[in-house]
Each structure stands twice: as structure tokens, then as C-alpha cells.
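Spelled out, the chains give:
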Amino acid sequence: MNIFIYDGSFEGLLTAVFEAFYRRINPEDIVPQERYQPDLLTTASFIEACPEKADRVYNSILEKISKQTLQYVYYVYISEEAGSGRYILDYLRLGWRLGYSVNQHLLDPRVLKIHQISKRVTVEKHRMLGLLRFQRIGELYYAEIEPDYNIVGLLAPHFSERMSDQNWMIHDLKREIAALYNQQEWVLIDADREGIPNLEARETTYEELWKAYYRHIAIPERKNPKLQKRCMPVRYWKHLTEKK
Amino acid sequence: MELQDKLKILSDAAKYDVSCSSSGSSRKNKAGGIGNAAESGICHSWSEDGRCISLLKILYTNYCVYDCAYCLNRISNDVPRAEFTPKELADLTINFYRRNYIEGLFLSSAIVKNPDYTMEQLLDTVKLLRELYRFNGYIHVKAIPGADYRLISEAGKYVDRMSVNIELPSNDSLKLLAPQKRKEQIIRPMGLINTEIQQTKEEKKLFRHKPSFVPAGQSTQLIVGATPESDSKIIRLSENLYQRFSLKRVYYSAYVPITNNPRLPTLQHPPTMREHRLYQADWLLRFYGFSAGELLQNEDDNFDIQLDPKTDWALKSLQHFPVEINKAPYEMLLRVPGIGVQSANRIIIARRTGPIHFEGLKKIGVVLKRAKYFITCQGKYFSELSLDSQLLRQSLLDSPQKKGPLYGQISIFDTTALIKPEEQYSKIFGEL
Ligand code: SF4
């Protein structure tokens, strides 16, 4: 069994796709270094990320298939789901054969898989646009998240548009990365738990007001915890001001 | 009074308002400003009753000079009262917004002093937010019945959505339970707002910089179960409102028994299942091409509590079925129980690439459990039952343990089917 390993970057993934294509090798899977578990039966080749090769794949997706497909590929990449390298490869092979119409083949398992994963990522992204909570610490608005998928880079554009006149940081504690914004632009940085600002020093007046609001806006006669949990899964509650 | 106490009193007083939607506007942020609106709306939390919290939904004040029987804020009721200042409200909104608690503000009010005075306070608040605080997030404001239209129209320039509440489904009920409100006071501003919305739309085509006017449209709300109107009357009214005033939404609010006024019914629980059926029917009117008359034929008819309105219609219209998945036009696919807007769209796309088999339908999101009785795939019929309305009815009834507590205003399980693609994410998460 042949496996490609890459450095975990999108560029690295696209380079691996390039190699699979042009070397006419059909790897069983394309796995980021971090998640690679060596075993006796697999031969792993490490693929060095190469900007030129990645660019060629990127542009070829745009030109020969579609922008939509590029987005799907990206979303499946950040889903970090097991097997996603393989799904992407299969989907792209089909895409290059069928061209623009590939996404109409809703019943083809290769397309269906990609659509399903992308959908889950989109759903979580949209959910998090609402569920993310900033805490104010001095001049910084700081948010902690632990999303299922690696969506911090999808959230940042939304908040730099919306909260453009405040400094903020969105910290993915699970992946130890953060998006940092200084009222000009946002950047993605490595940030482990050491990077958490002093939460003791945060401003709490509005947190208290929000909690009071949250309690009082519910209609007691219609209490419905099941519905509440279905709409807002409990795994997200940990970082919600109103649920702390 | 402390801000905290005001907030408690005035959110308590606002909680029976149903709408919390933040959709329909794509207002952009401006340099040096804060906030924008998301076209599809965003839910920020869900309260204990399972309803989505998108906007800071609050009353300006609950001091009221009116005496509507169904309302906690009525003058004759002994409850704690409070009143915000426009500045307090603007500060709350901005600070909640900066922490990403909310999409914006939904501001309503009881009638303090008189309608004009009340509307002026609301106007001051939204002006302050937009002009001084440079807030570009979502604002929904109530148009106060009986207020001078000039005030309402002025507010319309600042907000995204406006609503005038119908409150009760008929004039007689209004007379009985809200004696100081008259139908004309509700219908008239609705008409004027609509005219101005339509005019602004036209002018915007010619002059790009024409300022917006209520870009997310109007909505309204009515209470269900406090008065004797049938479901049929209610959805006919809604149909009318959608057609005549291009309303974006009609909200239905199951009456929560809060007083023992003899003019009101004594209910153990709010009629939430009935409310749910009305929402389903409302979707059928707006996105599925049904008319009110098709869903309920006679004026006094009510929806079947055990059967959703679409299935109910299908069972009464078996002459249209089964439909062939690979041939039926979009409009007909939409009428099949178990097929929603999204799956109908997918069927249309997928069948361009080849014939659809029965097994493929599930992948597309069709709820086969319901749909199988009403369709054929490449000429084959898959249900073990024949097209007999009695037999089918038995197997399609909502099983009792499944319903009840889970239903909110929108329930995904039987309405994933009912989701319009561009709205799907917010729909999935609750109210829009
Ligand atoms: S006008 Fe009627 S419905 Fe509105 S707050 Fe006053 S009493 Fe309640």
C-alpha cells in the first residue's frame, strides 16, 4: 500500500495531488504528517510542498472544473476527517474528466462524499459565527473556540468585516492556533495555552447583563431543553458566556 | 433603577414576541463603523424554550396606557415597570454586539403616554445607534399603531425590518380583547410602509445612492388560540397579507395563558402543536406554491393535528399521484410529501446526469418513508400499499411519542424538507 505524506498545509496537499497525477501513482491515501501512523504494510513517501506544483493544481481546478470545486476541496481539507486526502483525489480525478458538471453528479459516491463533508464544515462555520463569544480584556476582544473542524480561517474574514474597529483574537484551543486582528488585517498564528491572556482581568459588566437577558427571554411555559440541545449542541456550551 | 433590573423587566416583557429573525438585509459596514448584516441571518444562542436568540429583543418600556386583555403589560395588571433611555439601549446593543452575543436590536414598546411619544423614543434610539454609534448591524423596530406615519417613515430609513402586529386574527377579536386598537390603525401603516418599500426599490434601480427603506421588509405576528378563529381563517389572512402587503413573514404565537380574564379561554398549555401546523402551512404558501384554499377548503376547517398539512393535502388529492421522479416538473415534485425545496432541486440537477433510481433518492435527501407512497422511479412503484387514502393515512400519521415537546417554531425533522436553499443554514438552526 502506498501513502503520500505531506506537511499539513493546503499547498502540501495540492502538491501531493500533483505528484499522484503526474507520476501516475495512485496512493491509497494522502495524509498530513501529524496524523500519519506508520505500519508495516504501507510504504509512505513524503511529498515536499512545492508552490509551483500546488499553483498548477489550483489553477487547473479553477480553469478546468470550477471555483465551487476548489471551495469543496478546501473545506474537505480543513475537515481533517480520516480519508479526506483520498476523497479529494478521487473527486478531482472525476472532476478533471467531467469538467464543470462534476457537481451535478449528486449520486456519484465520490461527489456525494465531498458534498457531505463540505456541508458539515459549512454548517459548523455558520453555527460558530453565532456561537463565538468575545471577552473583553483591556483593548482586546478575545474568543476561545474548540470547533470540530479547522475553521478559524473561515471565521476571521467575517469578523474583520464586522468588528473592524476593535482588536480581536480568535483562539482555537484544540489546534493551538489563533487569528489575530489589529483593525487593519488578520493573521493566523501559532498559539498554545500560554497565549491565553489573563482572563481574570476581563470586563464582566456586560457578561452579567447578557446572562440576565438570557435567563429572562425564555418563556417558562414553553420550556424545551430537547429542542434547545438539538439546535445548540452541548459540546459548544463550554465557551458560551451565558452557559458558564 | 439599576440597568440590570431594567433589562430583566423589559426582556421579560418582550419575550412573548415571536420574531427574532435577522435575515433579509445585506447592510454593509462602513469605514470607522461597527457591524453589518448577514443576508441569511445568524442565530447566536438558544434559550431554554428552544427558541433562537438572534437579536436583543427588548421593550423600550412596559408602561402602557392600553388594556389588552391577553397582555402582561396591560395597564390594569400589577407588574413591575421600567423604562430605558435611548442611550442605555444603544449602549447595551453595541456592547452585546461587540462581544458577538447578538446580530442587532429588535426594539418594541408598550404604549407609554401616547403612540406618537412612544414612536419618537424608538426613533431616537435607532437614530442614535446609526448616527452617533455608527452601528451597521441589524435593527428591527416595531411601528406603533396609531403613531403619526411621518415618525414611522422616518424610522424606516434607519432600520432593516419593521413590523406592525396584527395581534388577533379578526376584527371582532380585536374589539373584544384589545379595545383601544383598531384594525385600521394596524392595516394602514402596513400599507403605507409597503408602498414606501416598493417605491424605494424602484428608485434604487435608477439612483444607486437612494437611501434604503426597511430593506429586509415587514413582518407581523398574531396570537393563536386566544380567540375562536379557525386555522382556515388564519391562513387565508396570512395569504392576504403576503399578497397585499408583500410581507416577509407572518409569525404565529401560541397563546400562553397568563390571566384568568373571563374573556380569554382557560388552557392548560399553549397550543404549540397547532402553532406548528400553522407554520408548516405558512411555508407551503410561501415556498411551495400552495394556496390557502387548497390546504383547507372551508372557512371553518382546522388542520389535522396528527398529519402535516402537505401530507393531508396529498391524501385528499390522490388523483395527482403517483408522480414519476424522472419526469415530473419541479412544481409537482414540491407537492410530494417527503420532498422539500432542497431535494426537489437536487432531483432536477441529478436527473440531468442520468436516471434516478429509488436507492438514489435517499442520498439526495428525500424522506422515503413518506415519499414512497406517492412516487414512481422509472415507472416502478415501491410501496407495498396501494394508493388508498385510508390505508395511507394510517401509515403516515405522526407517531405520538415523536411529536409534542420537540416541535419548535420550525422543526428540522419534518421540515428539512421545507428548507429554501439559501436559507438552509439558519433554518437548520432554528428560527430565521
Ligand atoms: S398596547 Fe396592548 S399589547 Fe401592547 S403592551 Fe400595551 S397592553 Fe400590551
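Residues numbered from 1 in each chain as written. Chains lettered and ligands numbered in written order. Predicted model: local features only at pLDDT ≥ 70, side-chain atom pairs only at ≥ 80, totals over all residues. Heavy atoms only, no water.

## Things to note about the overall build of chain A
So, point 1. Along its length, chain A carries eight helices and eight strands.
So, point 2. Taken along the three principal axes of its C-alpha coordinates, chain A extends 60 × 40 × 40 Å.
So, point 3. The buried share among the 244 residues of chain A stands at 54%.
So, point 4. Look at the contacts in chain A between residues 6 or more apart in sequence, and 67% of them connect residues 24 or more apart.
So, point 5. Element-wise, carbon and sulfur atoms account for 49% of the exposed surface of chain A, whose accessible area totals about 11,600 Å².
So, point 6. Averaging the locations of the 34 positively and 34 negatively charged side chains of chain A gives two centres separated by 10 Å. (Helix = DSSP H or I, 4+ residues; strand = E, 2+ residues; numbered from the N terminus. Buried < 20%, exposed > 50% of the residue type's maximum accessible area, 1.4 Å probe, protein only. Contact = heavy atoms within 4.5 Å. Areas by Shrake-Rupley, 256 points an atom, 1.4 Å probe, with all protein chains shown as cover. Lys, Arg positive; Asp, Glu negative; His and termini not counted. Charge placed at Lys NZ, Arg CZ, Asp CG, Glu CD.)

## Digging into the site of the ligand
So, point 1. Taken together, the neighbourhood of the ligand is formed by C64, Y66, C68, C71, N73, R74, A110, I111 and K181 of chain B.
So, point 2. Grouping the amino acids of the shell around the ligand by side-chain chemistry returns six nonpolar, one polar and two charged. (Near = heavy atom within 4 Å. Nonpolar A, V, L, I, M, F, W, Y, C, P; charged D, E, K, R; others polar.)

## Examining the interface of chain A and chain B
So, point 1. Contacts between chain A and chain B engage 55 residues on the former and 70 residues on the latter.
So, point 2. Summing both partners gives a buried area of about 5,900 Å² for chain A against chain B, and 59% of it is carried by carbon and sulfur.
So, point 3. Three residues, L107, R162 and R222 of chain A, lead the burial of chain A against chain B; their summed loss comes to 14% of the area buried on that side.
So, point 4. Across the chain A-chain B interface, the total number found is six salt bridges.
So, point 5. Where chain A meets chain B, there are 28 residue pairs in polar contact (both at pLDDT 80 or more).
So, point 6. Within the residue set of the side of chain A that touches chain B, elements represented by two or more residues are α5 (109-131), α6 (152-162), α7 (205-216) and α8 (225-231) of chain A.
So, point 7. The element contributing the most residues to the side of chain A that touches chain B is α7 of chain A, with ten residues. (Buried area = accessible area lost by both parts, 1.4 Å probe. Salt bridge = Lys/Arg side-chain N within 4 Å of Asp/Glu carboxyl O. Polar contact = N/O pair within 3.5 Å; in protein donor to acceptor, adjacent residues only side chain to side chain.)

## Examining the environment of A147 of chain B
Residues and elements named next belong to chain B.
So, point 1. Tracing the chain through its elements places A147 in the loop between β5 (138-142) and α4 (149-156).
So, point 2. Taking the C-alpha atoms as reference points, A147 and N114, separated by 33 residues in sequence, lie 8.1 Å from one another.
So, point 3. Setting aside residues no more than four positions away along its own chain, A147 makes contact with P115, D116, M119 and I152.

## Side note on the domain arrangement of chain A
Note: interface size is frequently given as the accessible area lost on complex formation between the parts.
Residue and element names in this part refer to chain A.
So, point 1. In terms of domain boundaries, chain A breaks down into domain 1 (2-123) and domain 2 (132-243).
So, point 2. Computed over C-alpha atoms only, the centres of domain 1 and domain 2 are separated by 31 Å.
So, point 3. The interface of domain 1 with domain 2 comprises eight residues on the first partner and five residues on the second.
So, point 4. Together domain 1 and domain 2 conceal approximately 580 Å² of surface at their shared face, both sides included; 59% is due to carbon and sulfur atoms.
So, point 5. Area buried by domain 1 at its contact with domain 2 is led by I78, E80 and V121, which between them contribute 61% of it. (Domains from an automatic or database assignment.)

## Here we look at the pairing of strand β5 (residues 140-145) of chain A
Looking along a regular strand, one sees the side chains alternate between the two faces of the sheet.
All names here are of chain A.
So, point 1. Counting buried positions over the six residues of β5 gives five, a clear majority of the element.
So, point 2. In terms of strand pairing, strand β4 (residues 135-137) meets β5 through three bridges, oriented antiparallel. From the neighbouring strand, R136 faces β5, where its bridge partner is Y141.
So, point 3. Linking β4 back to β5 in an antiparallel pair, the connection comprises two residues, with G138 at a positive phi of about 60°.
So, point 4. With six bridges joining them, β5 and strand β6 (residues 167-172) adopt parallel strand pairing. Bridging from a neighbouring strand, I145 pairs with D172 of β6.
So, point 5. Of the crossover connections in this fold, the one passing from β5 over α6 to the parallel β6 is right-handed. (Pairing = 2+ DSSP bridges. Right-handed = clockwise from strand over helix to strand, strands pointing away.)

## Some details on α6 of chain A
So, point 1. In terms of residue burial, α6 of chain A counts as a mostly covered element, since eight of its eleven residues are buried.
So, point 2. Among the residues making up α6 of chain A, those that are buried are V152, L154, L155, A156, H158, F159, S160 and R162 of chain A.

## Side note on the state of the cysteines
So, point 1. For the structure shown, the criterion picks out one disulfide over all chains.
So, point 2. As a non-bridged cysteine, C231 of chain A has C43 of chain B as the owner of its nearest cysteine sulfur, 7.8 Å distant. (Disulfide = S-S within 2.5 Å.)

## Some details on helix α10 (residues 309-316) of chain B
All names here are of chain B.
So, point 1. In terms of burial, α10 is largely enclosed, as seven of its eight residues are buried.
So, point 2. Of all the residues in α10, the buried ones are P309, K310, T311, D312, W313, A314 and L315.
So, point 3. On its buried face, α10 is in contact with α8 (272-287), α9 (292-295), α14 (368-371) and α15 (389-396).

## Regarding the sheet that holds strand β8 (residues 186-190) of chain A
Residue and element names in this part refer to chain A.
So, point 1. Overall, mixed pairing links the five strands, which are arranged β4-β5-β6-β7-β8 in an open sheet. The strands lining the two open edges of the sheet, one partner per strand, are β4 and β8. Within the sheet, the average angular offset between the axes of one strand and its neighbour, ignoring direction, is 25°.
So, point 2. Packing of α6 onto the sheet brings it into contact with β5, β6, β7 (177-181) and β8, and relative to β6 it is tilted by some 165°. (Axes fitted to C-alpha atoms, helices over the stretch in contact; angles between N-to-C directions.)

## Remarks on the packing of helix α3 (residues 115-132) of chain B against α4 of chain B
The axes of two packed helices give the description: the angle between them and the distance between them.
Residues and elements named next belong to chain B.
So, point 1. Two elements in contact, α3 and α4, have axes whose closest approach is 10 Å; the angle formed by their N-to-C orientations is 15°. Considering their axes alone, α3 and α4 lie roughly parallel with respect to each other. As α3 packs across α4, the resulting crossing turns out to be left-handed. Contact with α3, carried on its side by D116, M119, E120, L123 and K127, involves L151, I152, E154 and A155 of α4 and no other residues of that element. (Parallel < 35°, antiparallel > 145°, perpendicular 65-115°, else oblique. Left-handed = near helix turned anticlockwise from the far one by under 90°.)

## Notes on the domain arrangement of chain B
Residues and elements named next belong to chain B.
So, point 1. Assigned domains of chain B: these are domain 1 (3-295) and domain 2 (309-399).
So, point 2. Centre-to-centre, using C-alpha coordinates, domain 1 lies 37 Å away from domain 2.
So, point 3. With ten residues of domain 1 at the contact, the number on the domain 2 side is nine residues.
So, point 4. Across the domain 1/domain 2 interface, buried area totals approximately 870 Å², and carbon plus sulfur atoms make up 61% of it.
So, point 5. The largest share of the area that domain 1 buries against domain 2 comes from Y288, F290 and E294, three residues that together contribute 55% of it.
So, point 6. With a shortest N-O distance of 2.8 Å, E294 and R335 are connected by a salt bridge.
So, point 7. The interface formed by domain 1 and domain 2 includes three residue pairs in polar contact (both at pLDDT 80 or more).

## Digging into the packing of aromatic side chains
How two aromatic rings sit relative to each other is set out by the distance from centre to centre and by the angle between their planes.
So, point 1. Per the counting criterion, the structure on display carries 22 aromatic pairs over all chains.
So, point 2. Seen from their ring centres, W210 of chain A and F96 of chain B are 5.3 Å apart, and the 80° between their planes marks the pair as edge-to-face. Of this pair, W210 of chain A sits in helix α7 while F96 of chain B sits in helix α2 (residues 86-98), each in a different chain.
So, point 3. Classification of F96 of chain B as buried rests on a relative accessible area of 0%.
So, point 4. An angle of 80° between the planes, with centres 5.1 Å apart, marks the rings of F290 of chain B and W313 of chain B as edge-to-face. Of this pair, F290 of chain B sits in the loop between α8 and α9 while W313 of chain B sits in helix α10; the two residues are 23 residues apart in sequence, bridging distant segments of the chain. Both residues of the pair, F290 of chain B and W313 of chain B, belong to the buried class.
So, point 5. An aromatic cluster is defined as three or more aromatic residues linked by ring pairs; in this entry it consists of F134, Y141, F159, W168 and Y181 of chain A.
So, point 6. The cationic tip of R286 of chain B hangs over the ring face of W283 of chain B; the distance from NZ or CZ to the ring centre is 5.2 Å. (Phe/Tyr/Trp six-rings, centres within 6.5 Å; stacked < 30°, edge-to-face > 60°. Lys NZ or Arg CZ within 6 Å of the ring centre and 35° of its normal.)

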